[in-house]
2 protein chains.
Amino acid sequence: MAATIRDVAQASGVHVSTVSRTFSAPHLVNAETRTRVLAVAEDLGYRPNRAARALTTGRTHNLGLIVADISNPFFPPLIKAAQAHARTRDYHVFVADTDEDPLVEEELIQTLTKQVDGVLLCSPRLSNRAIERLHADVPFVVVNRRVKGMPTVLMDVRYGARLAIDHLTGLGHRRIALLSGPSGSWTSKEMYETAAAAGGVDLVIIGPNAPTEEGGLAVAAEVIASGATGVLAYNDLVAIGLIEGLYERGVQVPADISVVGVDDIVAGRLNRPKLTTVAMPTAAAGRMAVDLLLQSVDDGGAATLATLATSLVVRESTGQARA
Amino acid sequence: MAATIRDVAQASGVHVSTVSRTFSAPHLVNAETRTRVLAVAEDLGYRPNRAARALTTGRTHNLGLIVADISNPFFPPLIKAAQAHARTRDYHVFVADTDEDPLVEEELIQTLTKQVDGVLLCSPRLSNRAIERLHADVPFVVVNRRVKGMPTVLMDVRYGARLAIDHLTGLGHRRIALLSGPSGSWTSKEMYETAAAAGGVDLVIIGPNAPTEEGGLAVAAEVIASGATGVLAYNDLVAIGLIEGLYERGVQVPADISVVGVDDIVAGRLNRPKLTTVAMPTAAAGRMAVDLLLQSVDDGGAATLATLATSLVVRESTGQARA
DNA sequence: GACAATGATGCAACCGCTTGCACTAATGTG
DNA sequence: CACATTAGTGCAAGCGGTTGCATCATTGTC
């Protein structure tokens, strides 16, 4: 159906290899021949078949991007940045969603393996062991998880969590609840360790929770019961859900309880009250991850570790603790 | 590096064709041989190379899914449903984001063409003409747009819009503002035509608008100035943004102005006030689209048109018009 | 017991493209 | 002017699979 390299070769009176070179190594073919071939190709609507090319070169020029949950607004900016950045390098990014399920994640990686040159693993739920095993088959870069010997992009969660807690204590909050995330989450662990290390804080751990509004909504009663006046939520969705749940129970934010989220998603800015949150450089992380991955694909891969800075955005969901 | 079919053939003492059949036509090979081959394959960690297979079969077992904006919460449920459904058919779905840009959309389709068996085009921004032209290269199914001669999945926007407007007029609203969407949007056009056809309504069109919170936020002043007491927004995001904008200007929803959204995204349920909205069957649409696409890939494609029912979900953002 | 049908496997061409090597003609060098 | 370069192109072997056809035992049938 579609024109192949042979059609073009025939129609322009040269050998297929010349056509091939016209596209993949133009400097090797005579300028005149090249323009003629290109004209014919254009005419026939010929486009090189990437899959066939991949067969001989071993490069698909595709990247896989695996996320736990595409409907978590944390990911889209990362995905978009990664896609846009990859496109400038003539790579395409295929996105897949694991539904927070490690098994699906593993299966997805397996099938992706042969179709991409590398995989961006964002906030994986798989164990480090499993990731290391899978790594034999295809280059990875891991985002939001520390895996030894693998290129990694981290956002400085500890620093962000530290800022959040200092902010809360600075407002006079002494009893602080930490709403943790899914059990496989590295971010959640980092937050916990930071909070646990903070002095002068009476820490309550609530969770693990689903990293969604529902997750926050569900623990509102528990938060109230805990007696905490400050809350650091696993992410903005959880924070928003929690605030809604508190509101339904007549608890005011920030008058009664202060809430800090993590991620700085758009919805946080439109929430009422506007959310105080730890901003994550997701777009930068997406671009950086692509860079590291391509580098790793080409050079065989140094296990670079990039840590991106986070910051605290103070809005309206936090305030002075009651006396 | 990785084991190929030839390695397996050699190691199990059969011809490559037998190995091939073991995987793609097991009933053609002796049970005993099959188990032996499978064991060896397992042992060597062999997995059929899908790209190579695609070369001869012409089937990649991949589907492309193109959306205008992955960060619009309308899409993720559709994407997830499509991915999950496709997986049950041994197909994989690759998602790509066009950033609302028709040019990127076209380019994306072009590159996807050879790597997938078909493309799900969701809420395209391309012209019908362009879509029809591209259709020569790869099977499509279009979601949220009516394109002649092409398998199509529609959600009954007219009916939904009709319900919304009847709801508003039923509450005594006479002057109604319609916040339209992006200019290429079919949904927006449908909404407009429905609203225009509704009798006894004083209609104000505001737009086109970006289909985001920002889009709604930006026209709050204009809505107030229009004197409308009821608003039908292009989608929930626009509605939420608008409500926020109205709130900032001291206008109460629904006391002063009633707002209806479209899509029924999760955030609408957590907004304050909770959003009255036209529910769109996005997950069902995703599954249906995959079904139609696979059917079209196999059978060469009947241009089925599936229209999915919509409904109105009344919550708190609408109320009686002031006298 | 002869012959057809059936089941299991091997053979080899092919899918669309890349690439090392060989070849020819033109160019440069002393 | 003979010879070494170099530029441009063709040749053909793959990449990792699939598949129509041929081959060869078996088994079934009368």
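None of the values given here were measured: they were computed from a predicted structure.

Draft legend 1. Inspection of the relation of the copies chain B and chain A at higher detail. Overlaying chain B on chain A yields an RMSD of 0.1 Å, the required transformation being a rotation through 180° with an accompanying axial translation of 0.0 Å. What the rotation and shift describe, once combined, is the action of a two-fold rotation axis. A share of 100% of interface residues in chain B that are also interface residues in chain A marks the association as one of identical surfaces.

Draft legend 2. Region of the structure containing the pairing of strand β5 (residues 152–155) of chain A. All names here are of chain A. What you see with β5 is no split at all: Thr 152 and Leu 154 on one side and Val 153 and Met 155 on the other are buried throughout. Relative to β5, strand β4 (residues 140–143) runs parallel, the two sharing 2 bridges. Paired with Val 142 across the strands is Thr 152, a residue of β5. Looking at chain direction, β5 and strand β11 (residues 305–308) are connected through 4 bridges and run parallel. Considered in β11, the bridge of Thr 152 is made with Leu 305.

Draft legend 3. Spatial organisation of the UniProt feature "domain: HTH lacI-type" (unreviewed entry) in chain A. In the numbering adopted here, UniProt assigns the feature "domain: HTH lacI-type" (unreviewed entry) to residues 3–57 of chain A. In this annotation, residues 3–57 of chain A is assigned 71% helix and 0% strand; the end-to-end C-alpha distance for the span is 21 Å.

Draft legend 4. Layout of the protein's contact with DNA strand D. Residues in close proximity to DNA strand D total 27 residues, the closest being Thr 33 and Thr 56 of chain A together with Ser 20, Arg 53 and Thr 56 of chain B. With respect to DNA strand D, the side chain of Arg 21 of chain B contributes an N or O atom lying 2.8 Å from a base oxygen. Counting only elements with at least two residues in the surface near DNA strand D, the list comes to α2 (16–24) and α4 (50–57) of chain A together with α1 (5–12), α2 (16–24) and α4 (50–57) of chain B. A per-element tally of the surface near DNA strand D places α4 of chain B first, with 5 residues. Of the residues belonging to the surface near DNA strand D, the class tally is 9 nonpolar, 13 polar and 5 charged.

Draft legend 5. Looking closely at the protein's contact with DNA strand C. Near DNA strand C lie 27 residues; those nearest to it are Ile 5, Ser 20 and Arg 53 of chain A together with Thr 33 and Thr 56 of chain B. When atoms of DNA strand C within 4 Å of the protein are sorted by moiety, sugar and phosphate together comprise 63%. Within the contact set of DNA strand C, a phosphate oxygen lies 3.0 Å away from a backbone nitrogen or oxygen of Asn 49 of chain A. At the level of secondary structure, the elements contributing two or more residues to the surface near DNA strand C comprise α1 (5–12), α2 and α4 of chain A together with α2 and α4 of chain B. A total of 5 residues in the surface near DNA strand C trace back to one element, the largest contributor, which is α4 of chain A.

Draft legend 6. Seen up close, the interface of chain B and chain A. The partner chain A presents 43 residues to the 42 residues of chain B that form the contact. Across the interface of chain B and chain A, roughly 4,300 Å² is buried in total on both sides, 55% from carbon and sulfur atoms. The largest share of the area that chain B buries against chain A comes from Lys 114, Leu 270 and Arg 272 of chain B, three residues that together contribute 18% of it. Our count for the contact surface shared by chain B and chain A stands at 12 salt bridges. Of the charged contacts in the structure, one is a salt bridge between Lys 274 of chain A and Glu 248 of chain B, with a shortest N-O distance of 3.6 Å. Viewed at the interface, chain A and chain B are joined by 15 residue pairs in polar contact (both at pLDDT 80 or more). At the level of elements, α4, α5 (75–88), β2 (92–97), α6 (102–113), α10 (213–218), α12 (236–248) and α13 (266–270) of chain B are the ones that each hand at least two residues to the side of chain B that touches chain A.

Draft legend 7. Broad picture of α4 of chain A. Among the residues making up α4 of chain A, those that are buried are Arg 50, Ala 51 and Ala 54 of chain A. Summarising the axial view, the buried residues of α4 of chain A lie within an arc of 100°, below the 170-degree limit, and thus occupy one face. Those residues of α4 of chain A hidden inside the fold are in contact with β1 (62–67) and β2 (92–97) of chain A together with α6 of chain B. The backbone nitrogen of Ala 51 of chain A has a side-chain oxygen 2.9 Å away, supplied by the residue at the start of α4 of chain A, namely Asn 49 of chain A. Of the residues one or two after α4 of chain A, Gly 58 of chain A is the one with positive phi, at around 80°.

Draft legend 8. Structural context of the domain arrangement of chain A. When its domains are assigned, chain A resolves into domain 1 (5–48), domain 2 (60–155 + 282–310) and domain 3 (157–280). Between domain 1 of chain A and domain 3 of chain A, the C-alpha centre-to-centre distance is 60 Å.

Draft legend 9. Looking closely at the packing of α5 of chain B against helix α14 (residues 282–299) of chain B. Residues and elements named next belong to chain B. The N-to-C vectors of α5 and α14 enclose an angle of 40°; their axes lie 7 Å apart at closest approach. Taken together, the axes of α5 and α14 are oblique relative to one another. Crossing of α5 against α14: the hand is right-handed. Of the residues in α14, those in contact with Pro 77, Leu 78, Ala 81, Ala 82, His 85 and Ala 86 of α5 are Thr 282, Ala 283, Ala 285, Gly 286, Arg 287, Val 290 and Asp 291. In terms of residue class, the contact of α5 with α14 is built from 8 nonpolar, 3 polar and 2 charged.

Draft legend 10. Quick look at the side chain of Ser 123 of chain B. Residue and element names in this part refer to chain B. Positionally, Ser 123 belongs in the loop between β3 (118–122) and α7 (128–134). Among the polar contacts made by the side chain of Ser 123, one reaches the side chain of Asn 144 at a distance of 3.3 Å. Not counting residues up to four positions away in its chain, the partners in contact with Ser 123 are Ala 68, Phe 74, Phe 75, Val 143 and Asn 144.

About the criteria used
- Residues numbered from 1 in each chain as written.
- Chains lettered and ligands numbered in written order.
- Predicted model: local features only at pLDDT ≥ 70, side-chain atom pairs only at ≥ 80, totals over all residues.
- Heavy atoms only, no water.
- Least-squares fit on C-alpha atoms with pLDDT ≥ 70 in both.
- Contact = heavy atoms within 4.5 Å.
- Buried < 20%, exposed > 50% of the residue type's maximum accessible area, 1.4 Å probe, protein only.
- Helix = DSSP H or I, 4+ residues; strand = E, 2+ residues; numbered from the N terminus.
- Pairing = 2+ DSSP bridges.
- UniProt positions renumbered as here; feature names shortened; annotations may be inferred.
- Near = heavy atom within 4 Å.
- Polar contact = N/O pair within 3.5 Å; in protein donor to acceptor, adjacent residues only side chain to side chain.
- Nonpolar A, V, L, I, M, F, W, Y, C, P; charged D, E, K, R; others polar.
- Buried area = accessible area lost by both parts, 1.4 Å probe.
- Salt bridge = Lys/Arg side-chain N within 4 Å of Asp/Glu carboxyl O.
- Arc of directions from axis to C-beta.
- Domains from an automatic or database assignment.
- Axes fitted to C-alpha atoms, helices over the stretch in contact; angles between N-to-C directions.
- Parallel < 35°, antiparallel > 145°, perpendicular 65-115°, else oblique.
- Left-handed = near helix turned anticlockwise from the far one by under 90°.

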